[in-house]
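Each chain, letter by letter, is given below.
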Amino acid sequence: PFEVLVIGGGPAGVAASIYTARKGFRTAIAAERMGGQLNDTLGIENLPGTAYTEGPRLAADLKAQVDSNGIEIFNLAQAVRLEPAAEAGGLATVHFAGGGALKARSVILATGARWRTLGVPGEAEYRNKGVAYCPHCDGPLFKGKRVAVIGGGNSGVEAAIDLAGIVKHVTLVEYDNVLRADAVLQDKLRSMANVEIVTSAQTTEVLGDSDRVNGMVLRDRDSGDERRIELEGVFVQIGLVPNTEWLAESGLELSQHGEIVNDIAGRTNLPGVFAAGDATTVPYKQIVVAMGSGSKAALAAFDYIIRTAPA
Ligand code: FAD
């Protein structure tokens, strides 16, 4: 068995594995896709110490660091079930699609999250060419331009407020007939001069010139009328879904949004099971946050292993 088994090979899982390997612990990473969301990311400009990199390049750098620390990798391994240790100090088992299983004294869960997509024509085609999901990451790329934010919940309205300070004009689009964000956020948004709020509106298509986004089509859900809006960017803010469906039966505590509930050091409610990154309740889903939480969870796993006698 391993001393530490990390599930997930994104920034959180990689950071965790480097820390435990450097403690001399026999560490493995099992991941569906090494690199995680980095594989889908173009420019990264908010990782302190690295003025500019690109997702696939950062993923390759992380992979090289994993290799040089002697960490075993099981890539293309989809975890389907966690069987926690019966008692503290015992072995946890993670089962994989296809029938295999790995055992470890501690498990660090770092399975990340995925953005909910609109599923309309043009969205996938213009991803990273005007269609964006992370205002903290990509907002500055739209300086002085016109954008829309799809989604009138807290994340959509926060994104619209954030973007309104950077871009020329923001159209906030909500499917329902009211915004669902907190009143204080709505008031702030309504006070901004360069924002238009459109409710009862369905986004039916993202338009472009084959290179970049140049507009979108909205359908009024009351009248059925369609209109075209000219713009350069579309931020989709209709939810971030944690990759935790496979943990539902494990006894692990999940939040109402399906996020793994962990404490400030990454400990979950199960002994020997830790969690980090976008899959957890950690606020602000960012690379540097995922790496920080991964290293915290790793140090908490180290603490657990040195203090708990093997069962
Ligand atoms: P992830 O990166 O999601 O990695 C999860 C890992 O778990 C993957 O290896 C995945 O294959 C694996 N996994 C999932 N389910 C299973 C399973 N059942 N079994 C085994 N393995 C599994 N953040 C920034 O800070 N700056 C940016 O510029 C930036 N730009 C972004 C652009 C885009 C397009 C996207 C999508 C995100 C961006 N982010 C950015 C956010 C950032 O990528 C995430 O916060 C970060 O990747 C989270 O790291 P993570 O390790 O928690 O999860």
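Everything quoted here is computed from the prediction, not taken from an experiment. (Residues numbered from 1 in each chain as written. Predicted model: local features only at pLDDT ≥ 70, side-chain atom pairs only at ≥ 80, totals over all residues.)

K.L.:
Which residues make up the nonpolar core, and what are the values?
P.N.:
If you look at the biggest cluster of nonpolar residues, it comprises 54 residues, and the most contacted ones within it are Leu5, Ala16, Ala30, Val107 and Ile108. Broken down by element, this core gets its largest block of residues, eight residues, from helix α6 (residues 287-307). Ignoring sequence-local partners within four residues, the contact set of Ala16 consists of Val6, Ile108, Ala110, Ala276, Gly294, Ser295, Ala297 and Ala298. Residues Leu118, Val170, Leu189 and Val236 belong to the second largest nonpolar core, which totals 32 residues. (Core = buried A, V, L, I, M, F, W, Y, C linked by C-beta atoms within 7 Å. Buried ≥ 20, exposed ≤ 12 C-beta atoms within 10 Å, placed from the backbone. Helix = DSSP H or I, 4+ residues; strand = E, 2+ residues; numbered from the N terminus. Contact = placed C-beta atoms within 7 Å.)

K.L.:
So what about the site of the ligand? Which residues, and what values?
P.N.:
Around the ligand, the surrounding shell holds 40 residues, and the nearest of these are Gly8, Gly10, Gly36, Gly112 and Gly277. Taken together, the elements giving at least two residues each to the shell around the ligand come down to α1 (11-22), β2 (27-31), β9 (113-115) and α6. Among the residues forming the shell around the ligand, the class breakdown is 21 nonpolar, 14 polar and five charged. (Near = placed C-beta within 6 Å. Nonpolar A, V, L, I, M, F, W, Y, C, P; charged D, E, K, R; others polar.)

K.L.:
So what's going on with α1? Residues and values would help.
P.N.:
The terminal C-alpha atoms of α1 lie 17 Å apart, and with twelve residues this matches the ideal 16 Å at 1.5 Å per residue to within 8%. In terms of burial, α1 is a largely internal element, eleven of the twelve residues being buried. Pro11, Ala12, Gly13, Val14, Ala15, Ala16, Ser17, Ile18, Tyr19, Thr20 and Ala21 are the residues of α1 that are buried. Close packing links the buried residues of α1 with β1 (2-7), β2, α2 (55-68), β8 (101-109) and α6. Looking one or two residues past α1, Gly24 carries a phi angle of roughly 85 degrees, positive in sign. (Expected span 1.5 Å × (residues − 1).)

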